[in-house]
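Structure at a glance
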Amino acid sequence: MIKFHPTEELLVKYVQGELEASLCLVIGTHIDMCPVCANTVKDIEEQVARSAFINDLQGSANATPTQLPEAEMNMMLEQIISSDAPEKIVREPALEEVMLEGKQFKLPPTLGRLGSRLGHWSKVPGSVWRAPVNLSEHDKINLIYMAAGASVPEHTHRGSEATLVLNGSFADEFDCYEDGDFIFLDQQHKHTPQTAQEDCLTLAWLNEPLQFTSGVARLLNPFSNLFFR
């Protein structure tokens, strides 16, 4: 059972297109996995559409009616009728799963449709692997794989971080997170993600690099954008 979800504020901004593409990808993938949030988003979409419809009606009622000359209207109709049909959009096949360390992980549809943008896996400290999802040069989003018994050193966040558990589980000082859980953290949070007997695959978004806060890991701060970005 999914315990952690995006806030209603985040879901409203998601519907209205007010979030950056990479964060939308994490939230959209969560919605694939979460019937509760899928229903919430449907309700928000209906409310937004109803509000836009009412605003259009009010705008039309206040507008001064105009009528195009008949010759201009006929020309517009002729252009529409004679125009070429739009080219059919051919979508690339969705990536249904990824393989790492001899294991297969199923991808939700929203993420799978961007399979061609998945970069190469690279190992980072702590028995952790990272593969970037290349949306644009400004978007910082990765698949993060933590092997069983792995950990990421204690850290806080210079900005915000959204993590979605795709498969498996991990824990920190606050709770344990499993398939479908969505965790949103900011500068006020400090934690040490780690796995136990089970490995974990997550989708993670950062708008600023991590800030390590304990031990020798602090020496990595000048280079943290190379590992977790």
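Coordinates for the structure precede this section.
First things first, this report covers the structure right here in the doc.

**Quick look at the overall build of the protein chain**
If you tally the helices and strands in the protein chain, you get 6 helices and 12 strands. Split into buried and exposed, the 229 residues of the protein chain put 38% on the buried side. At a minimum sequence separation of 6, the contacts of the protein chain that also span at least 24 residues come to 62%. Put simply, the protein chain shows about 13,900 Å² of open surface, and 53% of that area lies on carbon and sulfur atoms.

**Some points on the sheet that holds strand S11 (residues 200–206)**
With antiparallel pairing, 6 strands are arranged side by side in an open sheet as S3-S4-S5-S11-S7-S10. With partners counted over all chains shown, the strands left at the sheet margins are strand S3 (122–124) and strand S10 (182–185), one partner each. Sheet twist, expressed as the average angle between the axes of neighbouring strands with direction ignored, equals 30 degrees. Of the pairings in the sheet, the one linking S3 to strand S4 (residues 128–132) comprises 3 bridges and is antiparallel in character. Of the residues in S4, the one forming a bridge with Val124 is Val128.

**Focus: a nonpolar patch on the surface**
The grouping of Met73, Leu77, Ile80 and Ile81 at the surface amounts to a nonpolar patch, some 420 Å² of accessible area in total. Assignment of secondary structure puts Ile80 in helix H4 (residues 70–82).

**Brief notes about the packing of helix H1 (residues 8–15) against helix H2 (residues 21–33)**
Helix-helix packing is described using two parameters, namely the angle between the two axes and the distance between the axes. The interhelical angle for the contact between H1 and H2, taken along N-to-C directions, is 110 degrees, at an axis separation of 11 Å. With respect to H2, the element H1 is oriented roughly perpendicular. Here Leu10, Leu11 and Tyr14 of H1 come into contact with H2, specifically with Leu23, Cys24, Ile27, Gly28 and Ile31. Each residue belonging to the contact of H1 with H2 can be placed in one class, and the counts come to 7 nonpolar, 1 polar and no charged.

**Some remarks on the pattern of salt bridges**
Within the structure shown, the criterion is met by 3 salt bridges. Taking the shortest distance from any N to any O, the salt bridge between Asp175 and Lys3 comes out at 3.1 Å. On the criterion of sequence distance, the pair formed by Asp175 in the loop between strand S8 (170–171) and strand S9 (176–177) and Lys3 in the segment before H1 is long-range, its members being 172 residues apart. Using a relative accessible area of 46% as the deciding quantity, one classes Lys3 as partly exposed. Close ionic contact of Lys13 with Glu9 constitutes a salt bridge, the shortest N to O distance being 3.5 Å. Remark: Glu9 and Lys13 occur in helix H1; sequence separation between them is 4 residues, near one turn of the helix. On the basis of relative accessible area, Lys13 is assigned to the partly exposed category, the value being 29%. By relative accessible area, Glu9 is classed as exposed at 54%.

What counts as what
Position numbers for residues count from 1 along each chain, tracking the sequence in the order it is written. Residues qualify for local features only when their pLDDT is at least 70, as the model is predicted, and side-chain atom pairs are given and counted only at 80 or more; totals for whole chains, interfaces and linings, by contrast, use all residues. Think of the side-chain values as coming from all heavy atoms in the structure, minus any hydrogens and water. The helix and strand labels rest on DSSP assignments: H or I over at least four residues marks a helix, E over at least two residues marks a strand, and numbering proceeds from the N terminus. Categorising residues by exposure relies on relative accessible area from a 1.4 Å probe, with only protein chains included: less than 20% of the type maximum marks a residue as buried, more than 50% marks it as exposed, and the intermediate range marks it as partly exposed. Every residue pair with non-hydrogen atoms within 4.5 Å of one another is taken to be in contact. For the area figures, the Shrake-Rupley method with a 1.4 Å probe applies, and any residue is considered shielded solely by the protein chains shown. At least two DSSP bridges between two strands are needed for those strands to be called paired. Lines fitted to the C-alpha atoms define the axes, with helices restricted to the stretch that makes contact. Angles between their N-to-C directions range from 0 to 180 degrees. Within this analysis, patches are made of residues with over 30% relative accessible area and no salt bridge. Like charges are joined at 9 Å or less; nonpolar side chains (Val, Leu, Ile, Met, Phe, Trp, Tyr) at 5 Å or less. In the sections that follow, a salt bridge refers to a side-chain nitrogen of Lys or Arg positioned within 4 Å of a carboxyl oxygen of Asp or Glu. Each angle receives one of four descriptions, namely roughly parallel if under 35 degrees, roughly antiparallel if over 145, roughly perpendicular if within 65 to 115, and oblique otherwise. Classification convention: Asp, Glu, Lys, Arg as charged; Ala, Val, Leu, Ile, Met, Phe, Trp, Tyr, Cys, Pro as nonpolar; all other residues, Gly among them, as polar.

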